Amino acid sequence: TQLLEQSPQFLSIQEGENLTVYCNSSSVFSSLQWYRQEPGEGPVLLVTVVTGGEVKKLKRLTFQFGDARKDSSLHITAAQPGDTGLYLCAGDRLETSGSRLTFGEGTQLTVNP
Amino acid sequence: NAGVTQTPKFRILKIGQSMTLQCTQDMNHNYMYWYRQDPGMGLKLIYYSVGAGITDKGEVPNGYNVSRSTTEDFPLRLELAAPSQTSVYFCASTLATGGRSYGYTFGSGTRLTVV
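Remember, it's a predicted structure, so these values are computed and weren't measured experimentally. (Residues numbered from 1 in each chain as written. Chains lettered and ligands numbered in written order. Predicted model: local features only at pLDDT ≥ 70, side-chain atom pairs only at ≥ 80, totals over all residues. Heavy atoms only, no water.)

Caption draft 1: Highlighting the overall build of chain B. The number of helices and strands found in chain B is 0 helices and 11 strands. Reading chain B from its N terminus to its C terminus gives the helix and strand order β-β-β-β-β-β-β-β-β-β-β. Principal-axis analysis of the C-alpha atoms places the extent of chain B at approximately 40 × 25 × 25 Å. Considering chain B as a whole, with its 115 residues, one finds that 47% of them fall into the buried category. Per element, the accessible surface of chain B, about 5,300 Å² overall, is 54% carbon and sulfur. Taking the average location of the 10 positive side-chain charges in chain B and that of its 7 negative ones, the two points are 7 Å from each other. (Helix = DSSP H or I, 4+ residues; strand = E, 2+ residues; numbered from the N terminus. Buried < 20%, exposed > 50% of the residue type's maximum accessible area, 1.4 Å probe, protein only. Areas by Shrake-Rupley, 256 points an atom, 1.4 Å probe, with all protein chains shown as cover. Lys, Arg positive; Asp, Glu negative; His and termini not counted. Charge placed at Lys NZ, Arg CZ, Asp CG, Glu CD.)

Below is the structure:
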């Protein structure tokens, strides 16, 4: 059972287009983290959202945490070829033993010039 | 500041061989993790540690062992390599306060092939 459903799995768009990636679950998370991964490298943290309804902006990237803290979205405005990469969402359920991230399967984004 | 360092970067093992994947961090993070990533998949948690001397199983611990004798180091041991362990392995760490983390730092990975 996939705890975090990420969609779409693949996305190929032209430079300048907008896009949204979704991350959904039936579980409540104490926080939701978004990472970006490039080939041959480890994931790099983009943002952490912790409050239901929270919206964070990072230049052309907008992250939203659902009111019930079960889902999140990543919106990119005017995508550029440098945005190409694997985007991963990860939920932290804050187990009694402490932080344990569960990852979605990722969205492979390709932005064509 | 090196962050999280993993060695080796690449390794080919024969079925039944053993090896240790090394991971060290210099950020004084209390929590450390081992994940594996298979093609087209997200990351699956193998083992984690909330501090020196404390380790616990993740989602996919079978075939692996870990130890955490110091804050800095968290090696992952494969005792009898199997083809199913062919994967990319990532070590990560975080500073968790009250058990809560605001982001993990990952190493650059070890690509392991078992033939």
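That covers the picture; the talk isn't over yet.
Caption draft 2: Representation of the environment of N30 of chain B. Residue and element names in this part refer to chain B. Assignment of secondary structure puts N30 in the loop between β3 (19-25) and β4 (31-37). With 22 residues separating them along the chain, N30 and P8 place their C-alpha atoms 23 Å apart. The contact partners of N30, leaving out residues within four places of it in the chain, are S49, V50, G51, R68, T94, L95 and A96. One polar contact links the side chain of N30 to the main-chain amide nitrogen of A96, over a distance of 2.9 Å. (Contact = heavy atoms within 4.5 Å. Polar contact = N/O pair within 3.5 Å; in protein donor to acceptor, adjacent residues only side chain to side chain.)

Caption draft 3: Quick peek at the state of the cysteines. Per the stated rule, a full pass over the model turns up 2 disulfides over all chains. The disulfide partner of C23 of chain A is C89 of chain A, and the gap between their sulfur atoms is 2.0 Å. With the S-S dihedral at roughly 75°, the linkage between C23 of chain A and C89 of chain A falls on the right-handed side. With C23 of chain A in strand β3 (residues 19-24) and C89 of chain A in strand β9 (residues 85-92), this pair connects stretches of sequence that are 66 residues apart. For the pair formed by C23 of chain A and C89 of chain A, the shared burial category is buried. Shown here is the disulfide that connects C23 of chain B with C91 of chain B, its sulfur atoms set 1.9 Å apart. Between C23 of chain B and C91 of chain B, the S-S dihedral sits near -70°, and the bridge is therefore left-handed. Of this pair, C23 of chain B sits in strand β3 while C91 of chain B sits in strand β9 (residues 87-94); the two residues are 68 residues apart in sequence, bridging distant segments of the chain. (Disulfide = S-S within 2.5 Å.)

Caption draft 4: Looking closely at the packing of aromatic side chains. Summed over the entire model, instances satisfying the criterion amount to 12 aromatic pairs over all chains. Considering the side-chain rings of Y33 of chain B and Y35 of chain B, the 6.3 Å spacing of their centres and the 35° angle between planes classify their relative orientation as tilted. For Y33 of chain B, a relative accessible area of 0% translates into the label buried. When the ring of Y33 of chain B is compared with that of Y104 of chain B, the centres are 4.4 Å apart and the planes differ by 20°; the resulting orientation is stacked. Of this pair, Y33 of chain B sits in strand β4 while Y104 of chain B is found in the loop between β9 and β10 (105-106), placing the two residues 71 residues apart along the sequence. On the accessibility criterion, Y104 of chain B (2% relative accessible area) is buried. Taken together, the ring pairs in this structure connect Y35 and F103 of chain A together with Y31, Y33, Y35, Y48, Y104 and F106 of chain B into an aromatic cluster. (Phe/Tyr/Trp six-rings, centres within 6.5 Å; stacked < 30°, edge-to-face > 60°.)

Caption draft 5: The interface of chain A and chain B, seen in detail. At the interface, 26 residues of chain A touch 25 residues of chain B. It is S99, R100 and F103 of chain A that lose the most area in chain A upon contact with chain B, and together they represent 26% of the buried surface on that side. The tally of links between chain A and chain B comes to 0 salt bridges. When contributions to the side of chain A that touches chain B are tallied by element, the ones reaching two or more residues are β4 (31-37), β5 (44-49), β9 and β10 (101-103) of chain A. Of the residues contributing to the side of chain A that touches chain B, the split by class is 9 nonpolar, 13 polar and 4 charged. (Buried area = accessible area lost by both parts, 1.4 Å probe. Salt bridge = Lys/Arg side-chain N within 4 Å of Asp/Glu carboxyl O. Nonpolar A, V, L, I, M, F, W, Y, C, P; charged D, E, K, R; others polar.)

Caption draft 6: Highlighting the layout of surface pockets. The volume enclosed by the largest pocket comes to roughly 600 Å³. Residue lining of the largest pocket: 28 residues in total, with Q37 and G40 of chain A together with Q37, V88 and R111 of chain B positioned closest to the centre. When contributions to the lining of the largest pocket are tallied by element, the ones reaching two or more residues are β9 of chain A together with β9 and β11 (110-114) of chain B. Of the residues in the lining of the largest pocket, the class split is 9 nonpolar, 13 polar and 6 charged. (1 Å grid on protein atoms, 1.4 Å probe; cavity = no way out; pocket = protein on both sides within 12 Å on 5 of 7 lines; lining within 4 Å. Points joined across faces, edges and corners; volume = space filled by probe spheres on them.)

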